[in-house]
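An overview of the molecular structure
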Amino acid sequence: MIPCADLEALSDWLKKRHELTRSRQLLVIEHDKETHHETGVALKQIVDYFNDITVFSDSNKEWFKELNADADKHNHETSVKARIESTDKVLKSLGREHEVVVLDCMEGLNPNTIYAASGLVKGMGLFVLICPPASIWKTYYAHKSGFPTSYKYSVEVSYFARYFKKVLLNNASTAWYGRQGIQLPIPAIPQPQKNEVRSIKRFTQEDALQLVCETWKKEAQLFVVTGSRGRGKSTLLAQIAHYILSDTTMYHQHRIYLCAPSKAQSDVVNQYLCDISGNKNTIAHLAPDQASKISKNDIVLVDEAGSIAPMCLDNIVSHSQFVIMTSTTDGYEGSAMGLMQRWLPKHSRVAKHLNLTKALRWDDNDALESVMQNLFAPRMPTTEMANKPEDTAENKDDLKLLVQSAHLQEINKEALVNSKSLFDSCFSLLMHAHYQSTPTDMLRMLDAPDNRIWLMKHPALTLPLGIICTIDEGGESVFTDPTIRKAISEGRRRVQGHLSAQALSQLTQEPEILRYPFLRIHRIAVHQDYRRCGIGSHMLTQLQKLNVSKQLITSFGLSPALDNFWYSQGYDLVKLGQRVDTSSGTLSALYVHQQSTSLTCKQLNVQKLQNMAAVTLAYLRKYGPRTFSLIPESLRARLAHLNDSSNEINLKIKRFLDGEVSFKMAKAFIYADLIKCKNEEVLKSFDALHQKHLSAEEKANLSELIKTQMRSMRN
């Protein structure tokens, strides 16, 4: 049992918090089998003190149920103080606020869920994490990683748990309660400094509301509003909607839509609108891919634009003249950093980019916000060489020397965990360079055993100039079973991970390809102060020299700039995706480094794979014009000059007729054969199968008809 003195200390702390601080706070309660009852008693103490508690847990622990033991059985709904929901409801609870949010972390540390749940806590509220004793986190959470590990790999130590523990222990405002000890600090109320001078204007909701509404009365404009969580971006959209609905002139001249990643997110904004207006007026939800429904004169409010595909945002902006977008600069919703760095520069229509800095839902210098941002949204540390030589003719030699003096080295995860500044610089590099980075990327970077991290270091700098994240795939020690290799190459089996190695084995139908070690370049980023100096090229050259026994590969969303960059580095396309990625609005592409192919994986026939990609390109030109338009002109030109692909076409069709591959897998090759043979009868059936709104039965019947017609044609 917990000593009475400990319970008294907890009770006293809860009372003092209410009297002495306005800050939200994090409390970690350590739980194990021996403290089963004690955890329940501690939580019951919190439930008795507060009136609004929500528990997120995936386990049916009795002590969670006991929290409502005192509820009135005859009036249960109104007397229940602690609501208990599954953890998957956290991300669906945007807009809700509670005095206390309890998150059960006994089944794993999920960064996205933790960060999201912290945003549900009201000002002055409490965020409680139920965890095992901190002394066993690194091994305990290694077996509850929260993501599927690649085939033949296992997590032995959770470096993320070590990082998580270190940050919390070093945070003076984090409270701990358990057998290992009790620490119950009370954050001080921040006092404004005398004669404080603010060098940057702090945009508030009122500033943004006035600017947007006054501007829209005069002319159509595109506004973008960003800010950290809790800055009232969704509430701002509700206020703008209320202003429009209240102005009879604007309301009758414009239809108004609310676009968000999900209907649930739109419902949150509409709830704010009802609270503001005092009635049931709501705005129609517009799915991100339904821009064709709107006209130039319509007003579109977009919430969490960082979570919406750039292509969908392009369509919205092209269809409407009145658009305001909001996005969170950090967190689980998707990153506005990618939005600002990749999408905004392409749109000259943006009238104003407003960054809301003042917290609306809690006080400035909030203790919980501070520790969550330190954990999951680290800021880029200042480099010692912030003033790099300017890219001028006079400084070419200095820039060249800077690049040549830098060297690439693999950094072990122990070193990352031990140096907060090094870790912050690494993850910040990735956040600034890649669209929609989320806290969960941090977990994979540290704990996935096949993930490796390479840093570009300069002798004069402590922090890195660039970073490369790679993933080990394939290898003789992994794919030891020939029956599994054969099944994968024939498309009858898939194992976890090893995505590129399996794709290449299946495309070429070569089982032995899986025995070769691959190194897939997952991410690459260069510090923004040192871009366009040749550092990216230098990193890739050194990576190849450090991994001469491995086949280098990379996959990414196709764009003209990326195709040109990777092609200039000796990489070329071997697989072209046919489906547009919803998060990036691009096609996926797989490129291999041709020099390492000739040295390591000689069975990887690049010419054969490119012939197959050329067949896919011709099919997309006819049946996927929207997808075809996303393929860079430079890549189209390279594929158009390839040799005859008859062997690949005949082989794929034979497998289709023998029932080894589906119509979906063979359709591009069937089309190529039909065009070559000019068989109008089969082409007619082929066209029919591409009509919209066919049932599954109709598709299956047409597929069998095509198979019968092609067999007859070949006889």
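Residue indices follow the written sequence of each chain, beginning from 1 at its first position. Where local features are concerned, this predicted model is filtered to residues with pLDDT of at least 70; where side-chain atom pairs are given and counted, the filter is 80 or more; whole-chain, interface and lining totals use all residues. Heavy atoms throughout the structure, all of them, feed into the side-chain values; hydrogens and water do not.

1. Quick look at the overall build of the chain
Each helix and strand counted, the chain has 30 helices and 20 strands in total. A burial count over the chain gives 54% of its 715 residues as buried. We call two residues in contact whenever any of their non-hydrogen atoms come within 4.5 Å of each other. Long-range pairs, those at least 24 residues apart, make up 74% of the contacts in the chain between residues at least 6 apart in sequence. Note on areas: Shrake-Rupley with a 1.4 Å probe; residue coverage comes only from the protein chains shown. If you sum the accessible surface of the chain, you get close to 32,700 Å²; carbon and sulfur atoms cover 49% of it. Secondary structure is summarised from DSSP: a helix means a run of H or I of at least four residues, a strand means a run of E of at least two, and numbering begins at the N terminus for each. Categorising residues by exposure relies on relative accessible area from a 1.4 Å probe, with only protein chains included: less than 20% of the type maximum marks a residue as buried, more than 50% marks it as exposed, and the intermediate range marks it as partly exposed.

2. Topic: the packing of aromatic side chains
Note on aromatic pairs: the rings of Phe, Tyr and Trp (six-membered ring only in Trp) are paired at centre separations within 6.5 Å, and the planes decide the class, stacked below 30 degrees, edge-to-face beyond 60, tilted for the rest. Within the structure shown, the criterion is met by 24 aromatic pairs. A centroid spacing of 4.9 Å and a plane angle of 45° characterise the contact between phenylalanine 556 and tyrosine 591, whose relative ring orientation is tilted. Note that phenylalanine 556 is positioned in strand β18 (residues 551–557) and tyrosine 591 in strand β20 (residues 587–593), a separation of 35 residues in sequence. Assigned by exposure class, phenylalanine 556 and tyrosine 591 land together as buried. By the ring-pair criterion, three or more aromatic residues cluster together here, those being Tyr115, Trp137, Tyr140, Tyr141, Phe160, Tyr163, Phe164, Trp176, Phe376, Phe423 and Phe427. In this scheme, Lys NZ or Arg CZ marks a charge over a ring once it lies within 6 Å of the ring centre and within 35 degrees of the ring normal. If you follow arginine 638 out to its NZ or CZ, it ends over the ring of tyrosine 567, 3.9 Å from the centre.

3. Side note on the pattern of salt bridges
When a carboxyl oxygen of Asp or Glu is within 4 Å of a side-chain nitrogen of Lys or Arg, the pair counts as a salt bridge. By the definition in use, this model includes 31 salt bridges. The closest approach of N and O atoms between glutamate 490 and arginine 492, which form a salt bridge, is 2.8 Å. Arginine 492 gets classed as exposed once you look at its relative accessible area, which sits at 57%. The partner of aspartate 572 in a salt bridge is arginine 638, and the shortest N-O contact between them spans 3.1 Å. Note that aspartate 572 is positioned in strand β19 (residues 571–580) and arginine 638 in helix α26 (residues 633–640), a separation of 66 residues in sequence. Comparing aspartate 572 with arginine 638, the two get one shared label, buried. Members of the salt-bridge network, linked through shared partners, are Glu410, Arg452, Asp472 and Lys550.

4. Digging into helix α11 (residues 263–277)
By definition here, a helix of n residues has an expected span of 1.5 Å times n minus one. End to end, α11 covers 21 Å across 15 residues, agreeing with the expected 21 Å (1.5 Å per residue, within 8%). Along α11, the residues classified as buried are Gln265, Ser266, Val268, Val269, Asn270, Tyr272, Leu273 and Cys274. Lining the buried residues of α11 we find α9 (233–246), β9 (256–259) and β10 (284–286). Downstream of α11 by one or two residues, glycine 278 has phi in the positive range, about 75°.

5. Thoughts on the nonpolar core
Buried Ala, Val, Leu, Ile, Met, Phe, Trp, Tyr and Cys residues that are joined via side-chain atoms within 4.5 Å together make up what is termed a nonpolar core. Counting 82 residues, the largest nonpolar core has Ile468, Leu504, Ile535, Tyr591 and Ile670 as the members making the most contacts within it. When residues of this core are assigned to their parent elements, the largest contribution, eight residues, is made by helix α24 (residues 606–623). Those residues within four positions of isoleucine 670 in sequence are excluded, and the remaining contacts are Ile653, Phe656, Phe663, Phe686, Ile706 and Met710. Residues Cys105, Leu129, Cys131 and Ala525 belong to the second largest nonpolar core, which totals 57 residues.

6. Some thoughts on the environment of phenylalanine 518
Within the secondary structure layout, phenylalanine 518 lies in strand β17 (residues 517–526). Owing to a relative accessible area of 0%, phenylalanine 518 belongs among the buried residues under this scheme. Along the sequence, phenylalanine 518 and threonine 554 sit 36 residues apart, while their C-alpha atoms lie 10.0 Å from each other.

7. What to know about the confidence of the model for the chain
Scored from 0 to 100, pLDDT records how confident the predictor is in each individual residue. The predicted model of the chain has a mean per-residue pLDDT of 84, with 86% of residues at 70 or higher. The low-confidence segment residues 72–78 (pLDDT under 50) makes two contacts with residues lying over four places distant or belonging to another chain. Across residues 192–202, where pLDDT falls below 50, the model places five contacts with residues more than four positions away in sequence or in other chains.

8. Notes on the sheet that holds β18
In short, DSSP must find at least two bridges between two strands for them to pair. Ordered by their spatial adjacency, seven strands build an open sheet running β14-β15-β16-β17-β18-β20-β19, and the pairing between neighbours is mixed. In the strand order of this sheet, the two ends are held by β14 (407–411) and β19, each with one partner. When the angles between neighbouring strand axes are averaged without regard to direction, this sheet yields 30°. Here the axes come from fitting lines to C-alpha atoms, over the contacting stretch only for helices, and the angles between their N-to-C directions go from 0 to 180 degrees.

9. As for the packing of helix α28 (residues 663–677) against helix α30 (residues 696–714)
Viewed as axis vectors pointing N to C, α28 and α30 meet at an angle of 40°, and their least axial separation amounts to 12 Å. As far as their axial angle goes, α30 and α28 are oblique. For the pair α28 and α30, the crossing hand works out as left-handed. Between α28, through Phe663, Ile670, Asp673 and Leu674, and α30, the contact on the second element is made entirely by Ser703, Ile706, Met710, Met713 and Arg714. In this count, Pro and Cys sit with the nonpolar residues alongside Ala, Val, Leu, Ile, Met, Phe, Trp and Tyr, while Asp, Glu, Lys and Arg are called charged and the others, Gly among them, polar. A breakdown of the residues in the contact of α28 with α30 according to their chemical character gives six nonpolar, one polar and two charged. Note on terminology: angles under 35 degrees are roughly parallel, angles over 145 are roughly antiparallel, angles of 65 to 115 are roughly perpendicular, and the others are oblique. Note on convention: the crossing is left-handed when the near helix lies turned anticlockwise from the far helix by less than a right angle, right-handed when the turn is clockwise.

10. Focus on the pairing of β20
Across the seven residues that make up β20, a large majority, six, are buried. Two strands pair when backbone bridges link them, and β18 and β20 are joined in this way by five bridges, in the antiparallel orientation. The residue of β20 that forms the bridge with threonine 554 is tyrosine 591. Pairing analysis gives six bridges linking β19 to β20, with the strands arranged antiparallel. Considered in β20, the bridge of leucine 576 is made with alanine 589.

11. As for unusual backbone geometry
Phi is positive for lysine 152, close to 75°, though the residue is something other than glycine. Tracing the sequence through the fold places lysine 152 in the loop between α6 (137–140) and α7 (159–169). Using a relative accessible area of 49% as the deciding quantity, one classes lysine 152 as partly exposed. Although it is not a glycine, arginine 532 adopts a positive phi angle of roughly 60°.

12. Structural notes on the side chain of glutamine 542
With respect to the helices, strands and loops of the structure, glutamine 542 is situated in helix α21 (residues 535–546). Residue class for glutamine 542 comes out buried when judged on its relative accessible area of 15%. Side-chain polar atoms of glutamine 542 contact the side chain of histidine 538, separated by 2.8 Å. In this structure, glutamine 542 is in contact with Ala406, His407, Leu408 and Met456, ignoring residues within four places of it in sequence. Pairs of N or O atoms are called polar contacts if they sit within 3.5 Å, as long as, within protein, a hydrogen donor faces a hydrogen acceptor (for residues adjacent in sequence, only side-chain-to-side-chain pairs).

13. Points about the environment of valine 101
Looking at where valine 101 falls in the secondary structure, it is placed in strand β4 (residues 98–104). Residues valine 101 and aspartate 52, spaced 49 residues apart in sequence, show a C-alpha to C-alpha distance of 8.7 Å. Excluding anything up to four places from it in sequence, valine 101 contacts Thr54, Phe56, Ala117, Leu120, Val121, Leu126, Phe127 and Val128.

14. Thoughts on the side chain of serine 57
One can find serine 57 in the loop between β2 (53–56) and α3 (62–65). Overall, serine 57 belongs to the buried group, its relative accessible area being 7%. Here aspartate 104 takes part through its side chain, which lies 2.8 Å from a polar atom of the side chain of serine 57.

15. Observations concerning the packing of helix α27 (residues 646–657) against α30
Taken N-terminus to C-terminus, the directions of α27 and α30 make an angle of 120°; their axes are 10 Å apart at the nearest point. The angle between the axes of α27 and α30 places the two elements in the oblique class. Between α27 and α30 the crossing geometry is left-handed. Two secondary-structure elements touch here, α27 through Asn650, Ile653, Phe656 and Leu657 and α30 through Ser703, Lys707, Met710, Arg711 and Arg714. Split into classes, the residues belonging to the contact of α27 with α30 amount to four nonpolar, two polar and three charged.

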